[in-house]
Amino acid sequence: MMQNVHLAPKADEEDLYSGYNDYNPTFDTEDLENDTAFQQAVRTSHCRRPPITAKIPGTSASRPLATGFGSKTALSSSMGRPMTGAIQDGVARPLTAVHAAGYTKAALRGSVFDPLGQARGPAPPLEMKNEDTPEEKIRQLEKKVNELVEESCIANSCGDLKLALEKAKDAGRKERVLVRQREQIASPENINLDLTYSVLFNLASQYSANEMYAEALNTYQVIVKNKMFSNGGRLKVNMANIYLKQRNYSKAIKFYRMALDQIPSIHKEMRIKIMQNIGVAFIKTGQYTDGISSFEHIMSTSPNLKAGFNLILCYFAIGDREQMKKAFQKLITVPLEIDYDDKYVSPNDDPHTNLLIEAIKNDQLRQMERERKGMAEKYIMTAAKLIAPVIETSFAIGYDWCVEVVKASHYVELANDLEINKAITYLRQKDFYQAVETLKMFEKKDSRVKSAAATNLSFLYYLENEFAQATNYADLAVNSDRYNPSALTNKGNTVFANGDYEKAAEFYKEALRNDSSCTEALYNIGLTYKKLNRIDEALDCFLKLQAILRNSAQVLYQIASLYEIMEDPNQAIEWLMQLISVVPTDSYALSKLGELYDNEGDKSQAFQYYYESYRYFPSNIEVIEWLGAYYIDTQFCEKAIQYFERAALIQPTQVKWQLMVASCYRRSGNYQKSLDTYKEIHRKFPDNVECLRFLVRLCTDMGLREVQEYVTKLKRVEKLKEIREQRVKSGRDGSARSRREGSGSGDSGGSAKGERLSAKLRALPGTNEPYESSSNKEIDASYVDPLGPQTERPKTAARKRMDEDEFADEELGEDLLPE
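Just so it is clear, the model here is predicted, and its values are computed rather than measured.

The rules behind these values
- Residues numbered from 1 in each chain as written.
- Predicted model: local features only at pLDDT ≥ 70, side-chain atom pairs only at ≥ 80, totals over all residues.
- Heavy atoms only, no water.
- Helix = DSSP H or I, 4+ residues; strand = E, 2+ residues; numbered from the N terminus.
- Buried < 20%, exposed > 50% of the residue type's maximum accessible area, 1.4 Å probe, protein only.
- Contact = heavy atoms within 4.5 Å.
- Areas by Shrake-Rupley, 256 points an atom, 1.4 Å probe, with all protein chains shown as cover.
- Expected span 1.5 Å × (residues − 1).
- Salt bridge = Lys/Arg side-chain N within 4 Å of Asp/Glu carboxyl O.
- Phe/Tyr/Trp six-rings, centres within 6.5 Å; stacked < 30°, edge-to-face > 60°.
- Lys NZ or Arg CZ within 6 Å of the ring centre and 35° of its normal.
- pLDDT = per-residue confidence, 0-100.
- Lys, Arg positive; Asp, Glu negative; His and termini not counted.
- Axes fitted to C-alpha atoms, helices over the stretch in contact; angles between N-to-C directions.
- Parallel < 35°, antiparallel > 145°, perpendicular 65-115°, else oblique.
- Left-handed = near helix turned anticlockwise from the far one by under 90°.
- Nonpolar A, V, L, I, M, F, W, Y, C, P; charged D, E, K, R; others polar.

### Considerations on the overall build of the protein
And then number 1: What the protein contains, in helices and strands, is 35 helices and two strands.
And then number 2: Residues classed as buried in the protein amount to 39% of the 819 residues present.
And then number 3: A separation threshold of at least 6 residues defines the contact pool for the protein, and within that pool the share at least 24 residues apart is 55%.
And then number 4: Roughly 47900 Å² of accessible area belongs to the protein as shown, and the carbon and sulfur atoms make up 51% of that amount.

### Some details on helix H7 (residues 236-245)
And then number 1: Among the ten residues in H7, nine count as buried, and that is most of the element.
And then number 2: Where H7 is concerned, the buried positions are Lys236, Val237, Asn238, Met239, Ala240, Asn241, Ile242, Tyr243 and Leu244.
And then number 3: Packing partners of the buried residues in H7 comprise helix H5 (193-209), helix H6 (213-225), helix H8 (249-262) and helix H9 (268-284).
And then number 4: Backbone geometry just downstream of H7 places arginine 247 in the positive-phi region, at approximately 65 degrees.

### Re helix H16 (residues 414-428)
And then number 1: Under the 1.5 Å per step criterion, the end-to-end length of H16 is 21 Å for 15 residues, consistent within 8% with the ideal 21 Å.
And then number 2: A large share of H16 lies buried, amounting to 14 of its 15 residues.
And then number 3: Backbone geometry just downstream of H16 places lysine 430 in the positive-phi region, at approximately 65 degrees.

### Quick look at the pattern of salt bridges
And then number 1: Under the criterion given, the structure shown has 18 salt bridges.
And then number 2: For lysine 330, the salt bridge goes to glutamate 296, with nearest N and O atoms at 2.9 Å. Pair noted here: lysine 330 is in helix H12 (residues 321-332) and glutamate 296 is in helix H10 (residues 288-301), with a separation of 34 residues, a long-range link.
And then number 3: When its relative accessible area of 21% is taken as the criterion, glutamate 296 is described as partly exposed.
And then number 4: As a salt-bridge pair, lysine 592 and glutamate 595 come within 3.5 Å of each other at their nearest N and O atoms.

### Some remarks on the environment of alanine 164
And then number 1: Within the secondary structure, alanine 164 sits in helix H4 (residues 161-185).
And then number 2: Considering only alpha carbons, one finds alanine 164 and leucine 203, 39 residues apart in sequence, at a separation of 8.9 Å.
And then number 3: Apart from residues lying up to four places away in sequence, alanine 164 is in contact with Ser152, Ala155, Asn156 and Gln206.

### Quick word on the packing of aromatic side chains
And then number 1: Considering all chains together, one arrives at 21 aromatic pairs under this definition.
And then number 2: Judged by centre distance (6.3 Å) and plane angle (20 degrees), the rings of phenylalanine 644 and tryptophan 657 are stacked. Of the two residues, phenylalanine 644 sits in helix H29 (residues 637-650) while tryptophan 657 sits in helix H30 (residues 655-667), which places them 13 residues apart along the sequence. Each member of the pair, phenylalanine 644 as well as tryptophan 657, carries the same accessibility label: buried.
And then number 3: Ring pairing ties together the aromatic residues Phe607, Tyr610, Tyr611, Tyr614, Trp626, Tyr630, Tyr631 and Tyr643, which thus form one cluster.
And then number 4: Against the face of tryptophan 401 rests lysine 325, its NZ or CZ located 5.5 Å from the ring centre.
And then number 5: Directly above the aromatic system of tyrosine 616 lies the positively charged group of arginine 615, at a separation of 4.7 Å from the ring centroid.

### Some remarks on the confidence of the model for the protein
And then number 1: Across the protein, pLDDT averages 76, with 72% of residues at or above 70.
And then number 2: Residue range residues 54-80 is modelled with pLDDT below 50. Its contacts to residues more than four positions away, or to other chains, number 24 contacts.

### Regarding the side chain of glutamate 175
And then number 1: Within the secondary structure, glutamate 175 sits in helix H4.
And then number 2: Buried within the structure, glutamate 175 lacks any salt-bridge partner; arginine 176 is the closest side chain of opposite charge, at an N-O distance of 6.1 Å.
And then number 3: In this structure, glutamate 175 is in contact with Val145, Thr196 and Val199, ignoring residues within four places of it in sequence.

### A short note on the packing of helix H22 (residues 519-531) against helix H24 (residues 553-565)
And then number 1: Relative orientation of the contacting elements H22 and H24 amounts to 20 degrees, with a least axis distance of 12 Å. Between H22 and H24, the crossing angle belongs to the class labelled roughly parallel. For H22 against H24, the interelement crossing comes out left-handed. Contacts between H22 and H24 pair Tyr523, Leu527 and Lys530 from the former with Gln554, Val555, Gln558, Ser561, Leu562 and Ile565 from the latter.
And then number 2: Among the residues making up the contact of H22 with H24, the classes are represented as five nonpolar, three polar and one charged.

### Details of the environment of tyrosine 473
And then number 1: If you trace the backbone, tyrosine 473 turns up in helix H19 (residues 467-480).
And then number 2: Spatially, the C-alpha atoms of tyrosine 473 and alanine 453 are 8.9 Å apart, while their sequence positions differ by 20 residues.

### Re the side chain of lysine 592
And then number 1: Tracing the chain through its elements places lysine 592 in helix H26 (residues 587-599).
And then number 2: A relative accessible area of 14% places lysine 592 in the buried class.
And then number 3: Filtering out sequence-adjacent residues up to four positions away, lysine 592 remains in contact with Glu564 and Leu576.

### Side note on the environment of tryptophan 401
And then number 1: Of note, tryptophan 401 is situated in helix H15 (residues 395-407).
And then number 2: Once residues within four sequence positions are removed from consideration, tryptophan 401 is found in contact with Lys325, Phe328, Gln329 and Ile391.

### Some remarks on unusual backbone geometry
And then number 1: Of note, the phi angle at asparagine 533 is positive, near 65 degrees, even though the residue is not glycine.
And then number 2: Assignment of secondary structure puts asparagine 533 in the loop between H22 and helix H23 (535-548).
And then number 3: Here asparagine 533 falls in the exposed class, since its relative accessible area comes to 58%.
And then number 4: Even without a glycine there, the phi angle at glutamate 567 is positive, about 60 degrees.
And then number 5: Structurally, glutamate 567 is set in the loop between H24 and helix H25 (569-582).
And then number 6: The exposure class of glutamate 567 is exposed, given its relative accessible area of 72%.

### Here's the deal with the packing of helix H27 (residues 603-616) against helix H28 (residues 621-633)
When two helices pack together, their arrangement is given by the angle between their axes and by how far apart the axes lie.
And then number 1: For the pair H27 and H28, interaxial distance at closest approach is 10 Å and the crossing angle is 135 degrees. In terms of orientation, H27 and H28 fall into the oblique class. Note on packing geometry: the crossing formed by H27 with H28 is left-handed. Residues Lys603, Ala606, Phe607, Tyr610, Tyr611, Ser613 and Tyr614 of H27 form the contact with H28, whose own contacting residues are Val623, Ile624, Trp626, Leu627, Tyr630 and Tyr631.
And then number 2: Split by residue class, the contact of H27 with H28 holds eleven nonpolar, one polar and one charged.

Next comes the structure, spelled out in structure tokens:
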């Protein structure tokens with residue numbers, strides 16, 4: 001008993017790997033070849049499976065037993081089947097059970113073990129297909145047609161519509177060849193109708209994409225009329241879409257209805273889209289009643305935002321107030337089928353949950369939900385602004401009704417936006433008091449609404465130049481919402497108006513940090529750097545802004561102005577050329593181009609742009625003066641007269657323009673007209689010395705009797721002039737100088753540009769002729785273009801724009817069924 005008991009070794013002496021090398025010698029297969037008993041058992045029959053002893057006597061009694069070695073009769077198996085390898089009729093039966101593993105009869109004779117048959121050599125080459133057979137040619141041609149259709153679709157998706165059409169045409173040609181070949185060798189029933197359908201459908205789609213509508217309709221007609229194409233009638237939807245693009249609305253409605261009859265009721269969404277397109281076509285034709293019936297059916301079956309909005313437009317067109325209200329209530333009850341923001345708020349501090357929420361907070365599904373919600377808000381706001389002025393006796397009452405309806409829905413946050421739009425409507429009606437009062441109601445609302453209202457109030461007071469009130473409301477807006485870029489921009493504007501440009505730049509920078517897309521702040525910081533004479537930084541700001549706003553005329557002008565300050569006229573001209581490509585009728589930009597070319601010495605180009613500027617705005621004195629001087633300089637005094645006459649109409653108190661008209665008549669040789677003009681000037685300005693001198697000299701040369709009268713007047717005026725000069729020198733009356741200059745040669749103040757042009761007039765050829773004025777005073781005029789661009793004033797950032805309530809009827813055609 002104790003021999004089977006083993007004591008456990010100590011823990012420190014335990015061998016973890018003991019026993020792995022111990023094995024039973026029965027399983028030792030290395031000496032089987034030398035084991036006599038094993039080899040004898042293999043060769044004799046006692047190693048074979050014994051026969052099954054049947055329980056019923058007689059089942060195996062007739063089976064004689066014999067050894068399998070040298071016996072004439074093989075040992076039968078237990079099922080009565082001859083054993084594998086037994087000899088029957090003098091022939092040994094093959095070892096079929098192990099033949100696949102390489103055990104053959106040859107192996108017993110000492111042949112090489114080759115289960116894979118590598119000794120037989122390489123396999124013979126595959127038999128080449130005969131490509132000259134008609135069936136193979138048809139198969140290859142069909143493959144080529146499919147490839148062309150796929151290439152056409154890929155080219156269309158890549159935007160290469162011309163290549164897509166060429167591939168579709170090529171596929172159509174090859175498909176017709178394929179059909180003819182099939183008809184020659186087979187019956188017409190074997191024609192591949194699916195391939196024909198796909199080729200024709202793709203060709204029609206490519207024709208439509210390339211706006212070849214007649215060809216597309218003909219191709220669709222081939223498909224529709226062929227009864228062998230199942231569901232071909234549904235393509236009448238695409239035909240109706242083409243008619244709608246061609247503005248053939250009656251045919252579009254007809255084909256939409258025919259397609260509607262072809263589509264079974266189980267395709268509910270498809271039928272709704274077709275019904276909506278029918279309603280759109282009715283609106284286009286002005287049949288609002290029929291459009292209402294279509295949209296009412298949609299809203300009762302499967303309501304959606306576009307159908308609800310179009311229904312409101314139809315009722316608005318026929319002026320039905322009560323139905324407008326009902327349609328608006330239906331619109332705000334349309335289900336959006338999206339999750340609300342509560343889903344994206346973490347209920348606890350679980351890190352795993354927070355990571356999951358952060359991962360789905362801005363995924364594609366969330367972005368799609370935002371787009372759908374934004375579209376719903378756009379439709380509701382536009383509809384409310386449309387119907388509010390007409391559903392009640394006044395627009396204020398209508399807005400109040402819309403606000404109450406919206407508050408009762410799940411679009412509660414839109415109620416405040418409607419209130420702000422109400423204030424903007426007051427502003428559009430020039431009722432500033434009501435606009436301000438409406439906005440002041442939001443001072444006790446939550447921070448977001450308060451900030452928006454205060455931003456608009458600051459904007460209004462800034463426009464009215466009440467900078468103190470604008471500053472107060474800008475501070476309120478910033479304190480309510482420090483991350484509101486519009487509030488920070490308006491605060492910067494108020495600081496800019498007070499002249500503190502450094503501080504204004506800080507507010508603009510903070511607005512940009514909160515919202516890098518705030519173009520108003522970027523524009524204003526560029527103006528601020530320009531005021532601070534930090535030209536490079538200002539240019540950098542405007543170049544960044546130009547990358548965002550490609551066709552902004554103000555940005556292009558500021559860049560050109562900065563290059564002009566940097567004394568780079570070529571760059572300034574280049575940017576001004578871009579500017580006039582955007583606004584070709586801007587007279588100020590054209591005159592600036594003329595000035596730059598004039599400074600460069602290119603008179604012909606300068607004349608071209610000055611003349612274009614005068615054509616669009618014929619009241620710019622500087623342009624008129626330059627053109628008049630140009631014609632005098634080129635010895636075309638008759639053409640200069642019309643410009644100086646226009647300048648005299650614009651500034652009738654300026655004597656210099658009328659003197660220039662008389663001078664042009666004299667230069668052209670029309671002395672009588674010149675004399676009459678000088679007499680008219682003397683009647684209006686009796687104390688003008690230059691006019692009297694010209695009259696004296698003209699009358700003397702022409703031998704007129706009035707010469708003595710004008711000589712007497714001239715002496716009196718010169719004496720009065722000397723007295724005024726003595727008073728100025730004595731300092732007795734400082735204002736006498738301005739009166740003397742006004743009586744002598746008009747105003748003398750003005751811009752540098754006016755001084756250059758006046759000097760040009762004074763330095764024209766022939767100034768030393770006897771009839772020229774002997775006065776040394778410079779004729780000058782200063783003029784500020786009242787319609788010039790207000791480029792130096794910062795942009796305001798009101799939360800709502802004045803034109804936001806503009807709705808476009810292009811929304812009506814957005815639901816065309818994709819082809």
